[in-house]
Amino acid sequence: MTKALFVVSAADRWTLRDGAVHPSGYWGEELAVPHKIFTQAGWEITIATPGGKAPTLDRLSMSRTAGRPSKLREVARYLDSIQTELDSPRTLEEIDPDEFDVVFYPGGHGPMEDLAYDPVSGALLTRVLHSGKPLALLCHAPAAAFAAKNQDGSWPFTGYRMTGLSNLEEKFNSFGRKAIWLLEDRLRESGADYVKARLPLRPFIVVDRNLYTGQNPASSERLAARLVNDLTSQPR
């Protein structure tokens, strides 16, 4: 059985440039849709967070601005069905990534607040990237990559072709204009080969070696389906 690790932000806020605190957490669709697709594929899923803290759902991800009402209801029902898992995640510090076949990071602004600076998550990302096992980062989750370091202090993701929420998509939110830093800018500055879809808010994924990235919430299904397809086709 394929074992998947979901590393989820434990943050419930995002601190902005003016010091204001915006309520945040994980984005509902970005956790629910891949979790459901992986479960339907027969995968065993483990959820882990920094400190083992139950993750916070970003309520904005369930608002009318986040998608079609029918889609939001589907996401809400699925999150309710796995609430026990979400309420009792494993502690990230105790996780051995060698126990898993694939590692998946859903987004939301939460990773901008905690995982981007978390040395435990950074070490896990470095180890998985170098292992050759599939590593997937969705939407804002590539922010977690900034905590990763090689032994010589260099950035493991340098030169990797990858995507993540674009500057334009971030600025669609009024509070996004107050960000301390923007993901697209920071990925480029850090040495990633950042790419994005021609049009914003459209599904877009990038695969470079064992690194899988998705640009935005709309990319959740396509990213998860690509992982299932690729792992299913690999000889075991």
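Bear in mind that the values here come from a model prediction, so they are computed numbers and not experimental data.

Reading the values: rules and limits
Residues numbered from 1 in each chain as written. Predicted model: local features only at pLDDT ≥ 70, side-chain atom pairs only at ≥ 80, totals over all residues. Heavy atoms only, no water. Phe/Tyr/Trp six-rings, centres within 6.5 Å; stacked < 30°, edge-to-face > 60°. Buried < 20%, exposed > 50% of the residue type's maximum accessible area, 1.4 Å probe, protein only. Lys NZ or Arg CZ within 6 Å of the ring centre and 35° of its normal. 1 Å grid on protein atoms, 1.4 Å probe; cavity = no way out; pocket = protein on both sides within 12 Å on 5 of 7 lines; lining within 4 Å. Points joined across faces, edges and corners; volume = space filled by probe spheres on them. Helix = DSSP H or I, 4+ residues; strand = E, 2+ residues; numbered from the N terminus. Nonpolar A, V, L, I, M, F, W, Y, C, P; charged D, E, K, R; others polar. Salt bridge = Lys/Arg side-chain N within 4 Å of Asp/Glu carboxyl O. Contact = heavy atoms within 4.5 Å. Core = buried A, V, L, I, M, F, W, Y, C linked by side-chain atoms within 4.5 Å. Pairing = 2+ DSSP bridges. Axes fitted to C-alpha atoms, helices over the stretch in contact; angles between N-to-C directions. Polar contact = N/O pair within 3.5 Å; in protein donor to acceptor, adjacent residues only side chain to side chain.

On to the packing of aromatic side chains. For the coordinates displayed, the defined rule picks out nine aromatic pairs. Judged by centre distance (5.5 Å) and plane angle (45°), the rings of Trp155 and Phe157 are tilted. Residue Trp155 is classed as buried on the basis of its relative accessible area of 12%. Judged by relative accessible area, which is 0%, Phe157 ranks as buried. Pairwise contacts between aromatic rings join Phe146, Trp155, Phe157, Tyr160 and Trp181 into one cluster. Sitting above the plane of the Phe146 ring, Arg186 keeps its charged end 4.4 Å from the centroid. The ring of Trp181 has Arg186 lying over it, and the distance from NZ or CZ to the ring centre is 4.7 Å.

Approximately 570 Å³ is the volume found for the largest pocket. Surrounding the largest pocket, 22 residues form its lining, Trp27, Thr65, Ala66, Leu201 and Pro217 being those nearest its centre. Elements with a contribution of two residues or more to the lining of the largest pocket: helix 1 (28-40) and helix 6 (167-171). For the lining of the largest pocket, the residue count by class is nine nonpolar, six polar and seven charged.

Considering all chains together, one arrives at ten salt bridges under this definition. Linking Asp98 and Arg127 is a salt bridge whose minimum nitrogen-to-oxygen distance equals 2.6 Å. Of the two residues, Asp98 is situated in the loop between strand 5 (90-91) and strand 6 (102-105) and Arg127 in helix 5 (residues 119-131); the sequence distance between them amounts to 29 residues. Residue Asp98 is classed as partly exposed on the basis of its relative accessible area of 46%. Accessibility expressed as a relative area gives 42% for Arg127, which makes it partly exposed. Each member of the salt-bridge network shares a partner with another, and the members are Asp96, Asp98 and Arg127.

The next thing to look at is the environment of Ile180. The topology assignment puts Ile180 in the loop between helix 6 and helix 7 (183-190). When its relative accessible area of 54% is taken as the criterion, Ile180 is described as exposed. Along the backbone, Ile180 and Trp14 are 166 residues apart, and their C-alpha atoms lie at a distance of 9.9 Å. Contacts of Ile180, omitting those with residues within four sequence positions, involve Thr15, Leu16 and Arg17.

Turning next to the nonpolar core. Residues Tyr105, Leu135, Leu137 and Phe157 are the most contacted members of the largest nonpolar core, which totals 38 residues. Listed by contribution, the elements that provide at least two residues to this core are strand 1 (3-7), strand 6, helix 5, strand 7 (135-138) and helix 7. Tallying contributions element by element places helix 5 first for this core, with four residues. Those residues in contact with Tyr105 that lie beyond four places of it in its chain are Val7, Leu115, Ser121, Leu124, Leu125, Leu135, Ala136, Leu137, Leu138, Ala141 and Ala144.

For the rest of this paragraph, the subject is the sheet that holds strand 6. The seven strands are arranged 5-4-1-6-7-11-10 in an open sheet whose pairing can be described as mixed. The open sheet has two edge strands with one neighbour each: strand 5 and strand 10 (205-208). Where strand 4 (residues 44-49) and strand 5 come together, two bridges link them in parallel fashion. Bridge pairing links Thr49 to Thr91 in strand 5. This element, helix 8 (residues 220-233), spans strand 6, strand 7, strand 10 and strand 11 (211-214) of the sheet and lies at about 160° to strand 11.

Moving on, we get to the side chain of Thr49. Within the fold, Thr49 resides in strand 4. Separated by 2.6 Å, the side chain of Thr49 and the backbone oxygen of Lys53 make a polar contact. Setting aside chain neighbours within four positions, we find Thr49 in contact with Val8, Ser9, Ala10, Pro55, Pro89, Arg90, Thr91, Leu92 and Glu93.

Our focus in this paragraph is the pairing of strand 11. A regular strand carries its side chains on alternate faces of the sheet. Here strand 11 shows a buried face lined by Leu211 and Thr213 and a second buried face lined by Tyr212 and Gly214. Where strand 7 and strand 11 come together, four bridges link them in parallel fashion. Across the sheet, the residue bridging to Leu135 is Leu211, located in strand 11. For strand 10 and strand 11, the ladder comprises four bridges, and the chain directions are antiparallel. Bridging across to strand 11, Val207 finds its partner in Tyr212. Connecting strand 10 to the antiparallel partner strand 11 that follows it, the hairpin turn spans two residues, and Arg209 within it adopts a positive phi of roughly 55°.

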